[in-house]
Amino acid sequence: MHWGLFITALLPIVWLIFSLGVLKMAGSKACTIGLILTFVLAIVVFKMPIINSLTAALEGAVMGVWPIVYIIIAAVFTYNLTTASGSMATIRQGLSSITSDKRLLVLIIAWGFGGFLEAIAGFGTAVAIPASILIAFGVNPILSATICLIANTAPTAFGAIGLPVTTLAQISGLDVLHLSYLVTIQLLPLIVIIPFVLVALIGGGVKAIREVWAPTLAAGLSFGIPQIFVARYIGAELPAIIGSIICIIVTVWFALRYERKHPSEHKTTEKAPKANKFVLAAMPFILVFVFVMLASPLVPPMNHFLTGIKSAITIYTGSGAKPYVFNWVSTPGTLIILATIIGGLIQKMKLGQIFKILGKTAVQMVQTLITVCAIVALAKIMGYSGMIAVIAATLVGVLGVFYPIVAPLIGALGTFVTGSDTSANVLFGNLQRQAAVALHDNTYWVVAANAVGATAGKMISPQSIAVAAAATDLQGQEGEILKQSMKFFLGYLVIICIWIFASGLFIHAIHI
């Protein structure tokens, strides 16, 4: 084992945590310095050719722009347009007519609706849009960002129409149906626990749960249990979609029931808007759902046509280089922008006004652009230079038979660095399979642990923090958001590791 290489490979990660969490440095500055540090270490210590380091960083920067920042702009544009048109006030009025209790609103907006956005689009939409809506309800911006980062964990395993798990199955050479099923089993305790955490946060403490424990429990079970059956019998594409839709329906039903029982405590003063008015106000969101679903693999003819509209260019010059593909129309960013423009026109907004809002939204994202491009460029250099492989291989060698307890940690590390569950699965999926084989452990269980661990890293990834900061207009305060999220990340990760290790012993014994 090369302890010097291991420690060196950890330095960029340590810097990001220290600069954002301790020094409270702005994300754009911290990630840029981290990129320079990684660039130097890759060349000097890992002997990566300068041209390869430069092109790896360039590939990361390009990926940061397209599709990541592009999708963030699209998501915030949707919110800005619905606010400018007055539709957000109608949506807020409609939700308030269901309940004015912020504990239940958080379950509907951050957990149910956020899970739905993650399921159909991913790439930050599930943080950006719900966080903006919560602020419109008077929730403190940092609290709003923290809540949405916590909520946007477990649903990310099957985000973007199941892309992380389907990719993991391909990378590791495992059956996607059985792998999906085990991922949902591993996620279930977390899916049940997270709504309680959200309610405690918005309510100011654990006591806030007491009155709404039933809808909170229902919000978790109605999301998690359907996922298990869908994954077991259908596959990876639909678990989060169906789980989030059922969750929203069940939570709204419980919220209405709660309002009838407690009218004096949380009685809303707003009258519900008429159904046609509410649908018109929600039209951009409805069209986002329709467009993304039509462009997904669930509709093969449309998906094949749209994904065929693309360009490919090789950016990285090292071995194993693959062309970087620009999906011009099928990317969620384009679909969300088109849906929002059409939704705005249906709401009688002028085209010039719509594009003015889009322009202002793009300008609003300058700091986010720098942060995201720097962190993705950093991740690319770490991946191509072998830094990430050294970290993972050292952990396997040191821990031996106890490796499964930290298998989720490796997935979390991948997402922390790359900002993507899918990328974390690409980086470590095969390594997890090889480790399981070497240890004669259950291959599917250990590989699934990578996907579940990756959901934890999403909470504190600098990329996710940047999205949350942009959506809540807190650019420059990424460190504070990270500080608030870190303690929940640690608790989340401990639960994952203990649950997966303990239940894995049982799974191994009965040979599932």
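In what follows, the accompanying structure is described. (Residues numbered from 1 in each chain as written. Predicted model: local features only at pLDDT ≥ 70, side-chain atom pairs only at ≥ 80, totals over all residues. Heavy atoms only, no water.)

## Overview of the environment of Thr371
Then step 1. Mapped onto the secondary structure, Thr371 falls in helix 18 (residues 366-385).
Then step 2. In this structure Thr371 comes out as buried when scored by relative accessible area, which is 2%.
Then step 3. Measuring from C-alpha to C-alpha, the distance between Thr371 and Ser28 comes to 4.1 Å, with 343 residues separating the pair along the chain.
Then step 4. Excluding anything up to four places from it in sequence, Thr371 contacts Gly27, Ser28, Cys31, Pro462 and Ala466. (Helix = DSSP H or I, 4+ residues; strand = E, 2+ residues; numbered from the N terminus. Buried < 20%, exposed > 50% of the residue type's maximum accessible area, 1.4 Å probe, protein only. Contact = heavy atoms within 4.5 Å.)

## Some words on unusual backbone geometry
Then step 1. Phi is positive for Lys47, which is not a glycine, with a value near 55°.
Then step 2. If you trace the backbone, Lys47 turns up in the loop between helix 2 (27-44) and helix 3 (50-84).
Then step 3. We note that Lys348 has phi near 75°; this positive angle belongs to a residue other than glycine.
Then step 4. You can see Lys348 is positioned in the loop between helix 16 (332-346) and helix 17 (351-364).
Then step 5. For Lys348, a relative accessible area of 73% puts it in the exposed group.

## Observations concerning the layout of surface pockets
Then step 1. Approximately 630 Å³ is the volume found for the second largest pocket.
Then step 2. What lines the second largest pocket is a set of 24 residues, and nearest its centre among them are Phe113, Ile248, Phe278, Ala282 and Phe285.
Then step 3. At the level of secondary structure, the elements contributing two or more residues to the lining of the second largest pocket comprise helix 4 (87-98), helix 5 (102-120), helix 6 (125-136), helix 11 (239-261) and helix 14 (283-295).
Then step 4. When residues in the lining of the second largest pocket are grouped by element, the largest group, six residues, is from helix 5.
Then step 5. A breakdown of the residues in the lining of the second largest pocket according to their chemical character gives 22 nonpolar, two polar and no charged. (1 Å grid on protein atoms, 1.4 Å probe; cavity = no way out; pocket = protein on both sides within 12 Å on 5 of 7 lines; lining within 4 Å. Points joined across faces, edges and corners; volume = space filled by probe spheres on them. Nonpolar A, V, L, I, M, F, W, Y, C, P; charged D, E, K, R; others polar.)

## So, the environment of Thr334
Then step 1. Counting through the fold element by element, Thr334 comes out in helix 16.
Then step 2. Thr334 sits in the buried class, given a relative accessible area of 10%.
Then step 3. Excluding its chain neighbours within four sequence positions, the residues that come into contact with Thr334 are Trp66, Tyr70, Trp328 and Val329.

## A closer look at a nonpolar patch on the surface
Then step 1. A surface patch of nonpolar side chains, amounting to about 650 Å² of accessible area, comprises Val279, Ile286, Val290, Leu294, Met302, Phe305, Ile309 and Trp328.
Then step 2. Secondary-structure elements contributing two or more residues to the nonpolar patch are helix 14 and helix 15 (300-307).
Then step 3. For the nonpolar patch, the leading source of residues is helix 14, giving three residues.
Then step 4. You can see Leu294 is positioned in helix 14.
Then step 5. Among the residues examined, Leu294 registers a relative accessible area of 40% and is labelled partly exposed. (Patch = residues over 30% accessible without salt bridge, like charges linked within 9 Å, V, L, I, M, F, W, Y side chains within 5 Å. Areas by Shrake-Rupley, 256 points an atom, 1.4 Å probe, with all protein chains shown as cover. Salt bridge = Lys/Arg side-chain N within 4 Å of Asp/Glu carboxyl O.)

## Some points on helix 5
Then step 1. With 19 residues, helix 5 extends 25 Å between its outermost C-alpha atoms, agreeing within 8% with the 27 Å of an ideal straight helix rising 1.5 Å per residue.
Then step 2. The principal kink in helix 5, of about 30°, is found at Gly114. (Expected span 1.5 Å × (residues − 1). Bend = angle between axes of the 7 residues up to and from the residue.)

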